[in-house]
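# Structure assessment
Each chain, written out:
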Amino acid sequence: MNSNNRIKHQHSRVDLTKPLNFSFNGKSYIGYQGDTLASALLANGVKVMARSFKYGRPRGIVGAWAEEPNCLVQIDVGAKTTPDLKATQVELYEGLVAGRTSGWPSLAFDLKSIGGHFSRFMPAGFYYKTFKWPAQFWPLYEHIIRRAAGYGSSPIEADVETYDHKHHHTDVLVVGGGATGLLAALLAGRSGASVILLDDQSELGGYLLSSPNTTIGGKSAIEWRDNVITELQSLPNVQMLTRTTAFGLHDMNMIQAVELLQDHLPHNQRKPAQRRERLHRIRASKVVLATGAFERPLVFGHNDVPGVMTVSAIATYFNRYGVACGQHALILTSNDGAYQAVADLAAGGLQVTLADVRTEINPAWDARFKQLGIDVYLGFGISEVFGKTTVTGARLSKLNPTNAMQEMLAQGVKLRVINQIDVACDIVASSGGLSPTVHLFCHDGGRPTWSDESLAFVVSANSRANAGIYCVGAVTGVFGLQAGLEKAVETTNEMLNSLGKNSTASKLNLTTNEIARSPAQAIYRIPTNKKAFVDFQNDVAVTDIELAVRENFKSIEHIKRYTALGFGTDQGKLSNVNGFAISAEFLGKTIPQVGTTTYRPAYTPVSFGALAGAHVNDTFEPRRYTAMQPSHEKYEAEFETVGNWMRPWYFPKTSENMHSEDMHAAVNRECLAARNSVAMLDASTLGKIDIQGRDVREFLNRVYSNAWSQLAPGKCRYGLMLNEAGMVMDDGVTACITDTHFLMTTTTGGAANVLNWLEKWHQTEWPELEVYMTSVTDHWATAALVGPKSREVLAKLCNDIDLSPINLSPDAFKFMDWRDGTVAGVPARIFRISFSGELAYEINVDASYGNYVWEELMQAGASFDITPYGTETMHVLRAEKGFIIVGQETDGSVTPLDLDMAWAVSLKKPFSFIGKRSLARSDTVRTDRKQLVGLLTEDPTIVLKEGAQIINSSNILPPVPMFGHVTSSYYSAFLGRSIALALVTDGLKRRDDPANNTIYAWAEGKAVKATIVSPVFVDAEGARHNV
Amino acid sequence: MFVINCPHCQEAREEEEFHYEGEAFIARPANPEAETDDAWGDYLFMKKNPKGWHWEMWNHATGCRKILVAKRNTANHAIAGSWTLSEARKVYDKEQYDAEQATK
Amino acid sequence: MSNLELNLSQFSPVMQTPLQHFNLSAKQEKMTDAKGVWAHEMALLGYIHLRGNAQNKDFLTAVKKATGVDLPTAACSISVASAITMLNLSPDEWMLICPREQRAGLQKKLEAALTGIHSQVLDSSGGYTSVWLQGKQATDALQHCTVYNLHALTPNKVVGTTFGKASVIIYRLDNGFCLVLRRSFADYIWRYLARAAAPYGLGIAAL
Ligand SMILES: [Zn+2]
């Protein structure tokens, strides 16, 4: 376990002068600056890092980046813990704490490893078949399965990190900072276009960083990379983002990408003001996808033993991180792409055995391998890997040398093993070719096509050019470096021309030292009678795909879901194409006939924090405040949100012994103050729309159900607004300022909708009407001064309005009048309207003075013990009067007639107002619709539950016919009993029929007896406000 | 997450600035009282809801608060164009006319 | 009501800005390069909403008569003349921003000039406040807050766009941005802006 696999490699990106301490599963290790957790663990000789999902088989690292299927780790502890990161993508830092995610119930002893011995009992569809019945036990199964499944644990504390979003608009976005992406960005940058270059790794360069012996233009690939980056940095129009993964490509070239800003830093170097992650939303005129490819392993017997990897991964660990994963490597390949790595490893001192499924080898490579002392087996594949927790050797079996596997299968011939050789080794690496990273290309509807030449699903350079998407490099199936660079120049120039720009490839010598490639062989699995895995993360073996096909699953989408192929955090980056090819084999189809599954965002997992961004805590949702907020806080209001508004809910008083009132005590006190003395409500949140123009009256006649032709200046009227289906949509009081100027109020929640609604009708149907309407909601602060003493309070602050009582001065300020004047020295518009049934004044002032005027009113009312009240008391007071709240008594299915508000519907108006025709539809004219009534419980102390169902009998044996529901229910301190409003089928008739006016309101298992009554519980004749 | 060109603000803006306002060119019957219940119900509730090109209204909610008309493909979110209400009407009518001529 | 004035004989009315509780003036400092974003509230300005038909010559003439300057009629344009900044918000809507003490006079002049011309003149001074923003990274900070393409927001241009989950009017001058925000959203927008600017360092700029 403690062997040291670190080698000194002159091109390694790891700084051996900077050791870093870290721990994995509680054990301490040392790695170096530049390591990933995976490279550091491999350097320390750690082989088993995970247990597999279904069988609990020991698993090690297979890949070197996002394709890694096995090594999911839990990073950090407590509130900062993050589950299910791939060890291959975690940058090492001083003090990093990592642990295995899989292997419940304990790390040392894994219950599921028993499962491995019984794997024949867990074939494809195992979960579907086993846990299907009985259905009620699924929650139990699910719990166990999820716990045993081996994924990590979410933090249980609140996230202490912060995240944000950033919006970009750019001419060119290049995704991928490998060789061709760098080149495309350089050409685009030279053209003067604005350019953003993204790469998901800590350093730009891609596979160049793993290819130190490759040269471009006579220079080492790394030197070429350094020069390109230096030039890009000198261009002010180019922005480069590393550690930034583009995870989704959406409509019209909107790319979403997550940048990791701090996770690579030791805790003591992380800046508190900096974000952990940033979600970039980039709108690009042109997108260049240089997303590259992942190497695809070959499928062979026991290919999941720790120590079996991909060739590119071994090369990356060796060349980039200076880690030799073992001493003796057995490499299996079907293509020339793996050869450079073979040569690099051998030149670096490893003992290397090469098996190639093909029977011929390029003489140039043959000569080089001989020179390096590499044993080469042509026409061989690996049929079985030896070893349990680490590779100890492998069996090479000779494949039929005369025919390519695909051709033979087409002829129905079974492949036959001729002879075999056992090789001792401690690493096995395979290459079945490259699988282009086509994910982003496909996210918004693009499809990859199968290339027989590249043996891969590829995308073409310009097939989506009309959508502004161009592709360069390995994603297009061009796997040679020089060919890729040359094609990238061509494609990038085509892209720049479409922007009306051009660029120069001057000073760019793109000649490489690559050896010409021979054709690869189309082979995906080596015949074997041992278990051979296609998808490591989901434990999908060749036999599972075979079984799925045998059970008649024919679509690849169905095979995927039945076997779980390509599920999980890696989304099949390694396994998918092998799965498609092997499915094709069993289905007797070609790979393009089988096709691919659907690629959907996100390309790699994205944290909830990044998606939420700033939309957390006090910036989660807009909180709207009125001008009186300082006073509300001073009087210790409890708040509730109404729409986005923070409204005082009630004002609990704290007694001398620090005992704070509960809501009921506070509301009872507030209600009595309003009915008996004076109280005050902040009504600023009501929507206010100023409407002016020659045709205002006509416009109001069309949008309200009641009539506006006769309302005189100085007067207000309650207005009811219907939608075109005849249902109540909003209400409020509207004042006539002059014949061409009205001020409309709306409900708090409906303000924005109503303004849009009015604008829409004006703009689309009646543009000829001369009206302008503008929201003045925020301009006016509104204090509703309520109660028999309200006039006396207002009189103290108001010497320019005649406030004398109506019976003394009939011409003075009457109910439903409005007046301009000053209140506490501030210009005010006062409406004498009442939502409580009491004498009341709604005082509107410029909101800049809102808090001042409110405080002046509080002082003026002190001698009457003026009481601020909140929305709860407002609701009780209005319910006592039977006044509706739109959205509480109504739900979009309630007409004014259902509310017994025919008085607010003027059928005589010449224009067919919005909703009028619908009031005459066969359904709306029924007289037995649900109608608004009052309810009084038999027991006056019981307050019904809002939402309680109305039933006709206390016998609640199902089926129970239901006749409506309770819409509002309160305890009325003024009446000394409970009251409720309800929508009841045929309620208006039942209200007046003593033989039929008993109902039961059912909620929470109880049926409460009540009588249907008028919804007006207090002062039906209106004497209280007419004073 | 698409982009709509606002003909009033005269530039392309992100979808987040707009509210969808439903199918365009559903005319309110001139005399609602003369409509049968069925015809009125069709006006209220029956929408085209096509897969493909659709003429629809959008409100530039955070910007000019004006309604505009866009011809949008509901299957792939491509937008063929966007116009003021009156300009859109001309384009729409011509399209209807051309389609009629083509079927003759 | 626009002809009513403050009664200062018996009372001493006090105005409050919607950002009062952040006590920004106590935190203000001289602008330096040490912080990437500088902001301050331009408190208690006068705001007038003006609606009218820009195709109507009489309307344009009347406005010019009242204000002394041409109304900016091009989409998203602004005019900055002496004490009045005029923002084109839509083809038939403008916002006029002026010192608070000039609002009543300006409104009276507009109303007088526009008598008989279809239009709407509204005092919106209580409903808005403005926040000035400048600094090396002011654009970066705004990119966290709005979906608008800020590269397209050239000097002397105004747009209405998103801000977090709310909306703002933003106009740009040569040396920075001005956000015009609704009073009730001011707390949210300030918090959102301050959060967005935090990684770059946010300073409250002394005027
Ligand atoms: Zn617009």
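Each remark here, short or long, concerns the structure printed above.
This text gives an overview of the structure that appears in the document. (Residues numbered from 1 in each chain as written. Chains lettered and ligands numbered in written order. Predicted model: local features only at pLDDT ≥ 70, side-chain atom pairs only at ≥ 80, totals over all residues. Heavy atoms only, no water.)

Time to look at the interface of chain B and chain C. Contact with chain B, which involves 14 residues of that partner, is made by 16 residues of chain C. For the pair chain B and chain C, the summed buried area comes to about 1,100 Å², and 52% of that belongs to carbon and sulfur atoms. Broken down residue by residue, the surface that chain B buries against chain C is led by Glu11, Thr62 and Lys66 of chain B, which jointly contribute 35%. Run the count over chain B and chain C and you get three salt bridges. Across the salt bridge formed by Glu93 of chain C and Arg65 of chain B, the nearest N and O atoms sit 3.3 Å from each other. (Contact = heavy atoms within 4.5 Å. Buried area = accessible area lost by both parts, 1.4 Å probe. Salt bridge = Lys/Arg side-chain N within 4 Å of Asp/Glu carboxyl O.)

A separate point is the side chain of Gln256 of chain A. With respect to the helices and strands, Gln256 of chain A occurs in strand S14 (residues 254-260). Relative accessible area serves as the criterion here: at 10%, Gln256 of chain A is assigned to the buried category. Among the polar contacts made by the side chain of Gln256 of chain A, one reaches the side chain of His250 of chain A at a distance of 3.2 Å. Excluding residues that lie within four positions of it along the chain, Gln256 of chain A makes contacts with Thr245, Ala246, Phe247, Gly248, His250, Leu279, His280 and Arg281 of chain A together with Met1 of chain B. (Helix = DSSP H or I, 4+ residues; strand = E, 2+ residues; numbered from the N terminus. Buried < 20%, exposed > 50% of the residue type's maximum accessible area, 1.4 Å probe, protein only. Polar contact = N/O pair within 3.5 Å; in protein donor to acceptor, adjacent residues only side chain to side chain.)

This paragraph deals with the pairing of strand S8 (residues 163-175) of chain A. All names here are of chain A. Burial analysis of S8 places 12 of its 13 residues in the buried class, the great majority of the element. Pairing analysis gives 12 bridges linking S8 to strand S15 (residues 277-289), with the strands arranged parallel. When the sheet's bridge partners are listed, His168 is paired in S15 with Ile282. In terms of strand pairing, S8 meets strand S9 (residues 195-198) through four bridges, oriented parallel. Residue pairing in the sheet places Leu173 in a bridge with Ile196 of S9. (Pairing = 2+ DSSP bridges.)

Attention now moves to helix H2 (residues 100-113) of chain C. When the terminal C-alpha atoms of H2 of chain C are compared, their 21 Å separation across 14 residues agrees well with the 20 Å that a helix rising 1.5 Å per residue should span. Looking only at H2 of chain C, the buried set comprises Arg100, Arg103, Leu106, Gln107, Leu110 and Ala113 of chain C. Relative to the axis of H2 of chain C, the buried residues are bounded by an arc of 130 degrees and lie together on one face. What points out from H2 of chain C, more than 90 degrees from its buried face, is the exposed set Glu101 and Ala112 of chain C. Buried positions along H2 of chain C lie against strand S42 (840-846) of chain A together with strand S3 (45-52), helix H1 (57-67), strand S5 (84-90), strand S6 (93-99) and strand S7 (119-123) of chain C. (Expected span 1.5 Å × (residues − 1). Arc of directions from axis to C-beta.)

Residues and elements named next belong to chain B. Within the first shell, the zinc ion binds the protein through Cys6 (SG), Cys9 (SG), His60 (ND1) and Cys64 (SG), at distances of 2.0 to 2.4 Å. One can describe the site at the zinc ion as tetrahedral: its four donor atoms subtend angles covering 103 to 117 degrees at the metal. As a motif over one chain, the donors of the zinc ion read C-x2-C-x50-H-x3-C. Within this pair, whereas Cys6 is found in strand S1 (residues 3-6), its partner Cys64 is found in the loop between strand S4 (53-59) and strand S5 (67-73), the two being separated by 58 residues in sequence. Cys64 carries the same exposure label as Cys6, and that label is buried. (Donors = N, O, S within 2.8 Å, 3.2 Å for Na, K, Ca; no water. Tetrahedral: all angles 85-135°; square planar, octahedral: opposite > 155°, others 65-115°.)

Attention shifts here to the sheet that holds S4 of chain B. All names here are of chain B. Here four strands make up an open sheet; going across it, the order is S3-S4-S5-S6 and the pairing antiparallel. In this open sheet, the two edge strands, each paired with only one partner strand, are strand S3 (19-23) and strand S6 (79-84). Shown here is a sheet whose adjacent strand axes are inclined to one another by a mean of 30 degrees, direction ignored. As defined by bridge partners, S3 adjoins S4 across three bridges and the pair is classed as antiparallel. When the bridges of S4 are listed, Tyr20 appears paired with Trp58. Across the face of the sheet, helix H2 (residues 85-103) comes into contact with S4, S5 and S6 while running at roughly 130 degrees to S6. (Axes fitted to C-alpha atoms, helices over the stretch in contact; angles between N-to-C directions.)

Turning to the side chain of Thr161 of chain C, a few remarks are in order. Mapped onto the elements of the fold, Thr161 of chain C is located in strand S9 (residues 157-163). One polar contact links Thr161 of chain C to Glu17 of chain B, side chain to side chain, over a distance of 2.5 Å.

Contacts between the two partners involve 62 residues from chain A and, on the opposite side, 53 residues from chain C. Contact between chain A and chain C buries roughly 4,900 Å² in total, counting both sides, with carbon and sulfur atoms accounting for 54%. Along the contact surface separating chain A from chain C lie six salt bridges. At the surface where chain A touches chain C, the tally comes to 29 residue pairs in polar contact (both at pLDDT 80 or more). At the level of elements, S8, strand S34 (687-692), strand S38 (772-775), helix H22 (790-797), strand S40 (818-823), strand S41 (826-831) and helix H23 (850-860) of chain A are the ones that each hand at least two residues to the side of chain A that touches chain C. The leading source of residues in the side of chain A that touches chain C is S8 of chain A, at seven residues.

Residue and element names in this part refer to chain B. One pass over the structure, following the stated rule, counts 75 salt bridges over all chains. In this structure, Arg13 and Glu17 form a salt bridge, with 2.9 Å as the shortest nitrogen-oxygen distance. Across the pair, exposure class does not vary: Arg13 and Glu17 are buried alike.

Here the residue pair Pro601 of chain A and Ala602 of chain A is connected by a cis peptide bond, since its omega of 5 degrees sits within 30 degrees of zero. Along the polypeptide, Ala602 of chain A turns up in the loop between helix H16 (591-594) and helix H17 (608-612). In this model, Pro958 of chain A is joined to Pro959 of chain A through a cis peptide bond whose omega is 0 degrees. With respect to the element layout, Pro959 of chain A can be found in the loop between strand S45 (949-951) and strand S46 (964-972). The phi dihedral of Leu455 of chain A is positive, around 50 degrees, even though this residue is not glycine. With respect to the helices and strands, Leu455 of chain A occurs in the loop between strand S26 (449-451) and strand S27 (456-458). Phi at Asn49 of chain B takes a positive value of approximately 45 degrees, unusual for a residue other than glycine. We classify Asn49 of chain B as exposed; its relative accessible area is 65%.

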